[in-house]
Amino acid sequence: MNTLYEDIIALYKFMRRRFLVPDNMIFSIVLKACTELRDLSEGRKLHCYIHRIGSADSFVLTGLVDMYAKCGELNTTRKVFERTPERNVVCWTSMIVGYVKKNCAKEGLLLFNRMRDCLEENAYTLGSIITACAKLGALHQGQWVTGNVIKNGIVMNPYLFTLILDMYDKCGVIKDARSILDEFHIICLVSWTAMIVGYAQNGFAGEALRLFTDKKWQDVCPNSVTLASVLSACARSENLNMGSLIHGLGLKLGQDDANVMNMLVDMYAKCHRIEDSSYLFESIVDKDVVSWNSIISGYSQNGYYHEALRLFSRMRSNRVPPDPVTIVALLSACASLEDFRFGSSFHAYSIKEGFSASTCVYIGTSLLNLHAKCGDAKYARAVFNDMAEKNAVTWSVMKGGYGRQGDSNECLELFDKMVKENLEPTDVIFTTILSACGHSGMINEGWRYFGRMCEDYDYTPSMRHYVCMVDLLARSGMLEEALEFIGNMPIEPDCAVFGSFLHGCGVHSRLHLGDLAVRKMLELSPDDPGHYMLMSNLNAFRGGWGQVGHFRDLMKSRGLKKKIGCSHVHLCTDEVYTPRAVACG
């Protein structure tokens, strides 16, 4: 098709050389060719010739607006548009599309309001407006457009239908999007894929997988975008069985492009099959930055932090430029290692590459997390204050940093500041607050925030919150109250709850209560060797050496072995990203 457009331009030049004067119809055809080829240079020359002749009609001027809009020349597009005396719906739509494509969605909506005073919109105009609403998160305007489509009887073609679904997905009202999908009964690949993408991106992995396997869509053959989105849902839900089936389906259908392969690498890594993830990564011939990010993040998430750093060294050797996701993965690996030296190096590298922690919320949060975990709460707060944008994770990490340092007053003060800025705290933030109260012995504050979580924010306490409350009471010596709290829990307590209780028993030398906790832990997890060692150590502390031998023999008879502990120390070597030497004992 491009060859035909090039032939049109060549023929037009031939006419000019023969001194033949084209008419407006020929101008419109040649402008269309320039538009499709995105040939701005030839389009400008043609515009100059049209201006010199001075006989352009509305069709030619509309063609100029469309050509400049699609070539990204927004200022010129606007000038031509404003000088067009008789604007038809195509002219208005081209200008609106130009605004939306150049991320000026708000201006596109304002222009649409002007258009409504002059002309009736068509499906393509409304499609552009829906795209603008999706970019702005303007749900109310998007709902108005959807209602206008239905009210005016505009044909709901697959193109418009998919844009409406996408708008609802991006505005976070996924249930409304599904209602529209079910109501209109438009069975097509694009709308089905759009709904799956919406579910996956909004965290509804289970719904995405159920829609993919729904028999209603069994005659629709998935494409690479569909499979990549389903694999993303498998990764989020750690559904290895479904992910493996999708892998096989992709091979059968020949859908093995870069997006699918990258998602396979990510899916296997998130399902803790790092060997399979690495094998697939190595099989990719042209590895792009997404491929490298997937495997680096995969190794980091599975605890292979040094291997993640080595992979980054390979990535640089292959001359693949990083992106913010790469920097976040590297800073996260350094934070998990609590390695400030490497973390600072990567921070400097990110600045050199043009990635600023103050303008990118994800890099800023990762850098903040690094300093918080390395014990530098002062510098972490400086990073926090310098960030232009903060999300819930940013606030949570900063509070966690103060809590880790035992500075509960700063932690609680930061919580109050967050609430004043009309940001709703998450359940993770309440976990951080309760943990900080526990480490500082602030019992009344702990109870107060636990109550606020349940009553003011309507959160149902999770096991993490109960663990924090038991730890709060047990650390403060209120062991009977902690035991009563455990007994009144609406859910069955797990080993972490009794572990927190046991820690308090050890701190306050209440070993008879500790004995009760360990027995409960043995009932809940009889194959954990650590619980047998705890029971053995408790008896040894009380001088019950006979029981010590009994529990060790019980471990042997069940084939259980205690995991060997280790300490990490830095070694000064010339190797890049060397693992720390391990002194085992």
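Every value quoted in this text rests on a predicted model; they were computed, and no experiment measured them.

Reading the values: the criteria
- Residues numbered from 1 in each chain as written.
- Predicted model: local features only at pLDDT ≥ 70, side-chain atom pairs only at ≥ 80, totals over all residues.
- Heavy atoms only, no water.
- Helix = DSSP H or I, 4+ residues; strand = E, 2+ residues; numbered from the N terminus.
- Rg over C-alpha atoms; globule rule 2.2 N^0.38 Å.
- Buried < 20%, exposed > 50% of the residue type's maximum accessible area, 1.4 Å probe, protein only.
- Contact = heavy atoms within 4.5 Å.
- Axes fitted to C-alpha atoms, helices over the stretch in contact; angles between N-to-C directions.
- Parallel < 35°, antiparallel > 145°, perpendicular 65-115°, else oblique.
- Left-handed = near helix turned anticlockwise from the far one by under 90°.
- Nonpolar A, V, L, I, M, F, W, Y, C, P; charged D, E, K, R; others polar.
- Salt bridge = Lys/Arg side-chain N within 4 Å of Asp/Glu carboxyl O.
- 1 Å grid on protein atoms, 1.4 Å probe; cavity = no way out; pocket = protein on both sides within 12 Å on 5 of 7 lines; lining within 4 Å.
- Points joined across faces, edges and corners; volume = space filled by probe spheres on them.
- Expected span 1.5 Å × (residues − 1).
- Core = buried A, V, L, I, M, F, W, Y, C linked by side-chain atoms within 4.5 Å.
- Arc of directions from axis to C-beta.
- Phe/Tyr/Trp six-rings, centres within 6.5 Å; stacked < 30°, edge-to-face > 60°.
- Lys NZ or Arg CZ within 6 Å of the ring centre and 35° of its normal.

Participant: Outline the overall build of the chain, listing residues and values.
Facilitator: Scanning the chain from terminus to terminus reveals 33 helices and 2 strands. Its C-alpha atoms give the chain a radius of gyration of 31 Å, clearly above 25 Å, the size a compact globule of 585 residues would have. Taken over 585 residues, the chain has a buried fraction of 47%. A separation threshold of at least 6 residues defines the contact pool for the chain, and within that pool the share at least 24 residues apart is 61%.

Participant: So what about the side chain of Ser 300? Which residues, and what values?
Facilitator: Following the sequence through the fold, Ser 300 ends up in helix α18 (residues 289-301). Other than its neighbours up to four places away in sequence, Ser 300 contacts Tyr 305, Ala 308, Ala 329, Ser 332 and Ala 333.

Participant: Go over the packing of helix α27 (residues 443-455) against helix α28 (residues 463-475), please, and point to the residues and values.
Facilitator: The N-to-C vectors of α27 and α28 enclose an angle of 160°; their axes lie 10 Å apart at closest approach. When the interaxial angle is binned, α27 and α28 end up roughly antiparallel. As for how α27 packs across α28, the hand of that crossing is left-handed. Taken together, the residues of α28 that come into contact with α27 (itself represented by Ile 443, Gly 446, Trp 447, Phe 450 and Met 453) are His 465, Tyr 466, Met 469, Leu 472 and Leu 473. Grouping the amino acids of the contact of α27 with α28 by side-chain chemistry returns 8 nonpolar, 2 polar and no charged.

Participant: Break down the pattern of salt bridges for me, citing the residues and quoting the values.
Facilitator: In the structure shown here, the tally under the stated rule is 19 salt bridges. Residues Lys 32 and Glu 36 are paired through a salt bridge, measuring 3.0 Å at the closest nitrogen-oxygen approach. Separated by 4 residues within a single helix, Lys 32 and Glu 36 lie in helix α2 (residues 24-37), roughly one turn from each other. Look at Lys 32 and you get partly exposed, because its relative accessible area is 40%.

Participant: Residue-level account of the layout of surface pockets, with values.
Facilitator: Within this model, the largest pocket holds a volume of roughly 790 Å³. If you list the elements that add at least two residues to the lining of the largest pocket, you get α14 (224-237), α16 (258-270), α18, α20 (324-337), α22 (361-373) and α24 (392-404). Across the lining of the largest pocket, the residue classes break down as 12 nonpolar, 13 polar and 5 charged. Around the second largest pocket, the lining is made up of 13 residues, and of these His 47, His 51, Leu 61, Leu 64 and Arg 83 lie nearest the centre. Of all the elements in the fold, those that place two or more residues in the lining of the second largest pocket are α3 (40-53), α4 (58-70) and α5 (74-82). Examining the composition of the lining of the second largest pocket, we find that 5 residues originate from one element, α3, more than from any other.

Participant: Run through helix α26 (residues 427-440), naming residues and quoting values.
Facilitator: Taking 1.5 Å as the rise per residue, α26 with 14 residues should run 20 Å; its terminal C-alpha atoms sit 20 Å apart, in good agreement. Of the surrounding secondary structure, the elements contacted by the buried residues of α26 are α24, α25 (408-420), α27 and α28. One or two residues past the end of α26 sits Gly 441, with phi positive at roughly 70°.

Participant: Describe in detail the nonpolar core, supporting the description with residues and values.
Facilitator: When a protein is soluble and globular, its nonpolar side chains tend to lie buried together. Formed by 178 residues in total, the largest nonpolar core has its most connected members in Leu 160, Ile 296 and Phe 501. No other element matches the 9 residues that α20 contributes to this core. Ignoring any residue separated from it by four or fewer positions in sequence, one finds Phe 501 in contact with Val 470, Ala 474, Leu 479, Ala 482, Leu 483, Ile 486, Leu 513 and Ala 517.

Participant: Let's hear about helix α13 (residues 205-212): which residues, and what values?
Facilitator: Listed in full, the buried residues belonging to α13 are Ala 205, Ala 208, Leu 209, Leu 211 and Phe 212. What you see down the axis of α13 is that its buried residues fit within an arc of 160°, all on one side. On its buried side, α13 packs onto α11 (174-184), α12 (189-201), α14 and α15 (240-253).

Participant: How would you explain the packing of helix α19 (residues 305-317) against helix α21 (residues 340-352) if you had to name every residue and give the values?
Facilitator: Packing of α19 against α21 brings their axes to within 13 Å, and their N-to-C directions diverge by 30°. By the angle between their axes, α19 is roughly parallel relative to α21. In the crossing of α19 with α21, the sense of the turn from one axis to the other is left-handed. Contact with α19, carried on its side by Leu 309, Phe 312 and Arg 316, involves Phe 342, Phe 346 and Tyr 349 of α21 and no other residues of that element. The residue makeup of the contact of α19 with α21, split by class, is 5 nonpolar, no polar and 1 charged.

Participant: Any details on the packing of aromatic side chains? Residues and values, ideally.
Facilitator: In the structure shown here, the tally under the stated rule is 22 aromatic pairs. With centroids separated by 5.1 Å and ring planes inclined at 80°, the aromatic side chains of Phe 81 and Trp 92 adopt a geometry described as edge-to-face. Taken together, the positions of Phe 81 in helix α5 and Trp 92 in helix α6 (residues 89-101) put the pair 11 residues apart, joining distant regions of the chain. With respect to burial, Phe 81 and Trp 92 carry one shared label: buried. We note Arg 87 situated over the ring of Phe 81; from NZ or CZ to the ring centre the distance is 4.5 Å. Cation over ring: Lys 390 sits above Phe 384, and NZ or CZ is 5.0 Å from the ring centre.

Participant: I'd like a description of empty space enclosed by the protein, backed by residues and values.
Facilitator: A full pass over the atoms with the stated rule returns 2 cavities of 30 Å³ or more. Each pocket or cavity is described by its volume, and for the second largest cavity that value is around 40 Å³. Elements that contribute at least two residues to the lining of the second largest cavity include exactly α15 and α16. When residues of the lining of the second largest cavity are assigned to their parent elements, the largest contribution, 4 residues, is made by α15. By residue class, the composition of the lining of the second largest cavity is 6 nonpolar, 3 polar and 1 charged.

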